[in-house]
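Structural description and commentary
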Amino acid sequence: MNIYPDFGALGDNTTLQTVIGALLTFVLVTAVLTMLISGITWAIATANGNHTTATKARTGLLVALGAATLAGAGITWLNWLIALGDQL
């Protein structure tokens, strides 16, 4: 007996995939821009001796890195679960 998710029951499956793809692209582009801005701010603040701003910029960089990692890991995990469901 094969048990698998019935994506056809959602109606227009391509629309859902398009929306999820667009949201993932938005998250990744925003994360990269945040990393770029935070990295530049961190470098300038450290060079000028403003350690409070450097700490906040470093935190922003790490949060953006975490968001990008979670977005990529979420898609990977979902694909793994779908592949696992096909094997049952």
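Residues numbered from 1 in each chain as written. Predicted model: local features only at pLDDT ≥ 70, side-chain atom pairs only at ≥ 80, totals over all residues. Heavy atoms only, no water.

What the chain contains, in helices and strands, is two helices and zero strands. Out of the 88 residues in the chain, the part that is buried amounts to 10%. Within the chain, contacts between residues separated by at least 24 positions form 57% of all contacts whose residues are at least 6 apart in sequence. For the chain, the exposed surface amounts to about 6,600 Å²; the carbon and sulfur share of it is 73%. (Helix = DSSP H or I, 4+ residues; strand = E, 2+ residues; numbered from the N terminus. Buried < 20%, exposed > 50% of the residue type's maximum accessible area, 1.4 Å probe, protein only. Contact = heavy atoms within 4.5 Å. Areas by Shrake-Rupley, 256 points an atom, 1.4 Å probe, with all protein chains shown as cover.)

The next thing to look at is the side chain of S38. Relative to the assigned elements, S38 resides in helix α1 (residues 13-47). Excluding residues within four positions of it along the chain, S38 makes contact with A57, G60 and L61.

It is worth spelling out the UniProt feature "transmembrane region" (unreviewed entry) in the chain at this point. Taking the UniProt record as the reference, the feature "transmembrane region" (unreviewed entry) is found at residues 20-47 and 59-82. The annotated region residues 20-47 carries 100% helix and 0% strand content, and the separation between its end C-alpha atoms amounts to 40 Å. End C-alpha to end C-alpha, residues 59-82 measures 34 Å, and it is 100% helix and 0% strand. (UniProt positions renumbered as here; feature names shortened; annotations may be inferred.)

What follows is about the environment of T25. Positionally, T25 belongs in helix α1. T25 gets classed as partly exposed once you look at its relative accessible area, which sits at 48%. A sequence separation of 46 residues divides T25 from A71, and the C-alpha atoms of the two residues are 9.6 Å apart.

Positionally, A57 belongs in helix α2 (residues 51-87). In this structure the C-alpha to C-alpha distance between A57 and M35, which are 22 residues apart in sequence, comes to 9.1 Å. If we ignore the near neighbours within four places in the chain, the residues touching A57 are S38, T41 and W42.

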